[in-house]
Amino acid sequence: RYEPTWASLDARPLPAWFDEAKFGVFIHWGVFSVPSFGSEWFWWYWQKEKREPYVKFMEAHYPPGFSYEDFGPLFTAEFFDPNQWADILKASGAKYVVLTSKHHEGFTLWGSKYSWNWNAVDVGPKRDLVAELATSVRNRTDLHFGLYHSLFEWFNRLFLEDATNAFKTRKFPTSKSLPELYEIVTKYQPEIIWSDGDGNAPDTYWNSTDFLAWLYNDSPVRDTVVTNDRWGAGSICTHGGFYTCSDRYNPGHLLPHKWENCMTIDRSSWGYRRDARLGDYLAIEDLVKQLAETVSCGGNLLMNIGPTHDGRIAVVFEERLRQVGAWLKVNGEAIYGTKPWRAQNDTVTPGVWYTFSPKEGKVSAIFLNWPVSGTLELGEPRAKLGETQVKLAGYKEQLKWVALGEKGMVIALPQLTPQQLPCQWGWTLQLTDIN
C-alpha cells in the first residue's frame with residue numbers, strides 16, 4: 001500500500017499502458033467556449049487583468065452589467081453528439097482522451113453536488129457531458145478515458161478567502177476541490193487524472209498526497225490510473241506520475257522520467273476561438289514533427305482541440321486529427337509501444353528521429369523530408385553486411401543500402417511519384433538486424 005507521502009507515491013510504477021499509448025487528445029470545453037474569443041482564460045483577462053481587447057470585446061457585443069455567469073445558459077451544446085466525437089477520436093489514432101471536467105472557471109461538465117448551479121446539468125446544456133462522452137468512448141473505441149480537473153478556481157470566494165489567509169485555512173479544498181476529485185473518480189472511473197492549476201498553494205493545502213494514496217490504494221481505478229505532476233506549487237516536474245513540466249514541453253532530448261508534451265493545434269489558445277485565422281493552426285507537417293520528436297525522446301504527445309459552445313468539433317480540428325490518424329495507419333509501428341533508442345535523432349541528416357521496438361528488435365528512423373537526391377544518409381545505425389534489412393513502412397520491396405565505415409549507412413529510396421508514396425508528411429524506415 002502507498003503512504004500519503006511523495007517518497008511512497010513517487011515509487012509507484014506507472015501502469016504500462018500509458019507509455020505504450022504514446023498519443024492522446026486533449027479537449028478544452030467549458031463556459032469559455034461561449035465568448036470563444038482570445039483565450040480560455042477569458043474571464044481572468046477580462047475581469048481581473050482588464051486586458052483591453054477583452055474589455056472592448058464585451059463593451060461592443062454585450063449589454064452593460066453582463067457578467068461571466070451570464071455566459072452559462074448560453075453554453076448550449078445542442079450539436080454535441082458524443083458518438084461522433086468518439087468516432088473522430090478513434091480515427092485520429094489516439095489511444096487516450098483527456099476532457100476538461102472543470103477548468104479554472106469552476107464550471108463542472110457533470111452535475112457535481114459540490115458545484116451548485118454552476119454545472120452542465122443545472123445550467124446550459126442540462127446534460128451530463130462527462131458521462132455521455134465517457135460512455136461513447138468506451139462503447140465505440142479502445143481509447144482510455146481521462147479527465148482534467150483544475151484544483152483552484154479564479155473567483156471562488158472560499159479559495160480567495162483561503163488565499164488571503166496565506167492558505168492557513170483550507171475551506172476551499174475540503175468543501176469543493178477534493179470532494180469533486182473523489183466524485184469524478186468514483187462516478188466515471190477515469191484512467192487519467194490530469195490535475196492543473198495549483199493557485200500558488202502548496203500540495204499540503206490541497207491534501208494531494210492523501211487523495212493520491214486513496215487513488216492508488218482503494219479507488220476503482222487503482223491498478224490502471226495514471227496521474228500527472230500538477231498537485232501543488234513546487235510539485236510540477238518533481239512529483240506525481242508522468243511529468244508535464246510546462247505547457248508545450250518538448251525538450252528534444254531523452255529524459256530519465258516518463259513525460260508528456262501537452263500542446264495545442266491552435267498556437268494561441270486551448271479553448272475554441274472564433275477569431276482564429278488559418279495561420280494560427282499548426283499544419284499537419286508540424287503535428288507529425290511534434291509526434292516524432294516527442295516519442296523518440298520517451299514522451300507522449302497530448303494534442304489539444306477546443307470544441308464550440310454548441311458542441312461541434314470544428315472542421316479544421318477534425319481534419320488535423322484524421323490526418324494524424326491516416327499517418328499513424330502507415331507509421332504506427334514506429335510510434336506505439338516503442339522505446340527510445342540509443343540515439344534520439346540523427347547526427348548527419350537533420351529531421352530524422354529514431355524509435356526502437358523491443359519485441360521485433362527493430363529500429364525505426366522517421367524522416368520528415370524526402371531527399372531530392374533519392375538517397376538518405378544516416379549517421380547513427382551500424383549496419384551488418386548481408387544481415388541488416390531496410391524497409392520503407394507501407395512499401396513492399398526491401399531497400400538497397402551501403403555501409404559507411406564503422407557507423408552510418410546510405411539508403412536508396414524507391415523512385416515513387418507523389419501518388420505512389422505510402423503516406424505524406426513523414427516516412428519511416430524500418431531497420432532490422434542492426435548492431
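Above this text is the structure in question.
Cut-offs used in this document
- Residues numbered from 1 in each chain as written.
- Predicted model: local features only at pLDDT ≥ 70, side-chain atom pairs only at ≥ 80, totals over all residues.
- Heavy atoms only, no water.
- Helix = DSSP H or I, 4+ residues; strand = E, 2+ residues; numbered from the N terminus.
- Rg over C-alpha atoms; globule rule 2.2 N^0.38 Å.
- Buried < 20%, exposed > 50% of the residue type's maximum accessible area, 1.4 Å probe, protein only.
- Contact = heavy atoms within 4.5 Å.
- Areas by Shrake-Rupley, 256 points an atom, 1.4 Å probe, with all protein chains shown as cover.
- Lys, Arg positive; Asp, Glu negative; His and termini not counted.
- Charge placed at Lys NZ, Arg CZ, Asp CG, Glu CD.
- Phe/Tyr/Trp six-rings, centres within 6.5 Å; stacked < 30°, edge-to-face > 60°.
- Disulfide = S-S within 2.5 Å.

## Describing the overall build of the chain
Looking only at helices and strands, the chain features 12 helices and 14 strands. Compactness check: the chain gives a C-alpha radius of gyration of 23 Å against a globular reference of 22 Å for 435 residues, within 12% of the reference. Seen through its C-alpha atoms, the chain measures out along the principal axes to roughly 75 × 50 × 40 Å. A burial count over the chain gives 57% of its 435 residues as buried. Counting only contacts in the chain whose residues sit at least 6 apart along the sequence, the fraction spanning at least 24 positions is 70%. Accessible area of the chain: about 18,100 Å², with a carbon and sulfur share of 51%. Side-chain charges of the chain comprise 44 positive and 51 negative groups, with the mean position of each set lying 2 Å from the other.

## Here's the deal with the packing of aromatic side chains
Going through the model one piece at a time under the given rule, you end up with 55 aromatic pairs. Arranged with centres 4.4 Å apart and planes meeting at 15 degrees, the rings of Phe18 and Phe242 form a pair that is stacked. Here Phe18 is found in helix H2 (residues 16–21), whereas its partner Phe242 is found in the loop between strand E5 (226–227) and strand E6 (259–264), with 224 residues between them in sequence. Arranged with centres 5.6 Å apart and planes meeting at 75 degrees, the rings of Tyr68 and Phe71 form a pair that is edge-to-face. The same class applies to Tyr68 and to Phe71, which are both buried.

## A look at the state of the cysteines
Simply put, disulfide is the name for a covalent bond between the sulfur atoms of two cysteines. Evaluation of the coordinates by the stated rule reveals 1 disulfide. Residue pairing for Cys237: its cysteine sulfur links by disulfide to Cys245, the two sulfurs lying 2.0 Å apart. With the S-S dihedral at roughly 70 degrees, the linkage between Cys237 and Cys245 falls on the right-handed side. Take Cys245: its relative accessible area is 15%, and that puts it in the buried class. Of the cysteine sulfurs around Cys297, a residue in no disulfide, the closest is that of Cys245, at 13 Å.

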